[in-house]
Amino acid sequence: MSPTSSYPATTDVSIRNQTGEVVLFSWSDFVETICEGRACFICGRTRAEAAFNDEHIVPNWVLHAFDLHKLKITLPNGTPTLYGNYTIPCCERCNSEMSRALESDMSALVKAGPGAIQDHVAAHGGLLPYTWMALIFLKLHLNDRRMRMHLDRRKGDATISADYVWEHMHHVHAVARAFHIDADVELNAMGSMFVFPVDGGDCDFDLHTFTEAQTLYLQLGQTGMIAVFDDSHAATNRVRWVIERIMGAVSPVQARELAVHFAMANLDLENRPRFWTHVSADRNHVTIGGTTDAAAIFRRYDRGLFGHLMEGAFRTPPPILGKTTEEVMAGLAAGEISFLFDADGEFLHDHLQMSKPDETN
Ligand SMILES: [Zn+2]
């Protein structure tokens, strides 16, 4: 008999180790405690059980480094909120652990300047920035009313996509809190991660989420980072044709379009990985993994879907010489506008270098 037990993401009962720490949240515990409750989003303890100091969605050091306290972020549910005001419940212990395990290293890499994150990923792999982005993606969606809407839909007119959203948010949570239970995260449990230079001009920060596509884009200084959380790296292969045609640093607007390609690739993935958690017999060793088919299968490229994602990524469209705003919006929605490539598919080197995505997007 195997010394470990393997659980799918939707296990019925939460598993605790010998010290009482949850090593695997059940489906219902995840929804009730983490998504809908006011418990610490890492360990699941309540305010009655632990001291809380709450956690900024975008970490405080990022808010300081890029002067974001007064700027507004539009949450995935469409509500604009000041970055500095947006926190979620977190206990003091988990908050300090997060600083030690992730924030201090990420902050040092960002302060080290352009190229430092790429060098780190080349030398040590992408787990640190990936986990850090998974935490931000998770925090952005926790307490989001759309999450509850999906839950209601499960009870009522449940759809397959609603199941997907919950199942894969559960997986993001498992990976994002792996540091807390010292779990091993296998390569297949991670998704696509792409780090690249951005020539931002006066724009040094950007953030955009693609909720359904489980994709997050972040620009920190002159570094762009795209992470996809439930594709076991499939999207990176799908968008290789896009990446290979990019011949230099991209502008912030071009970077968002690149993120659209990753998001679309993930939405087009037909045979999604199946994620699981192994717990050792003594319940003290946890491994999070994913099982994929031999080859990823994608739907055919659909211009309409590309347009839908571009429209969402550019709610305030960047100006295009000779076109009215309405024409640009219509072109984006139709999937006919690219800021990355010209009509011949050539990379646009000097296009919109100074354009800044709207802060509220
Ligand atoms: Zn906690």
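Described below are features of the structure shown in this document. A quick note: this is a predicted structure, and the numbers were derived from the prediction, not measured.

## Side note on the pattern of salt bridges
For the structure shown, the criterion picks out eight salt bridges. As a salt-bridge pair, Lys 139 and Glu 55 come within 2.8 Å of each other at their nearest N and O atoms. Taken together, the positions of Lys 139 in helix α5 (residues 127–141) and Glu 55 in strand β4 (residues 55–56) put the pair 84 residues apart, joining distant regions of the chain. Shared partners join several salt bridges into a network, and the residues in it are Arg 238, Asp 268 and Arg 299.

## Quick word on the packing of aromatic side chains
Under the criterion given, the structure shown has ten aromatic pairs. Consider the rings of Tyr 83 and Phe 205, whose centres lie 5.8 Å apart with planes at 80 degrees: the pair is edge-to-face. You can see Tyr 83 sitting in the loop between β6 (80–82) and β7 (87–88) and its partner Phe 205 sitting in strand β10 (residues 205–210), a full 122 residues away along the chain. Given the relative accessible area of 5%, Tyr 83 is considered buried. By relative accessible area, Phe 205 is classed as buried at 5%. Note on Phe 196 and Tyr 217: the rings are 6.3 Å apart at their centroids and 15 degrees apart in plane angle, and the pair reads as stacked. Linking Phe 196 in strand β9 (residues 193–197) with Tyr 217 in strand β11 (residues 215–220), this pair joins segments that are 21 residues apart in sequence.

About the cut-offs
Residues numbered from 1 in each chain as written. Predicted model: local features only at pLDDT ≥ 70, side-chain atom pairs only at ≥ 80, totals over all residues. Heavy atoms only, no water. Salt bridge = Lys/Arg side-chain N within 4 Å of Asp/Glu carboxyl O. Helix = DSSP H or I, 4+ residues; strand = E, 2+ residues; numbered from the N terminus. Phe/Tyr/Trp six-rings, centres within 6.5 Å; stacked < 30°, edge-to-face > 60°. Buried < 20%, exposed > 50% of the residue type's maximum accessible area, 1.4 Å probe, protein only.

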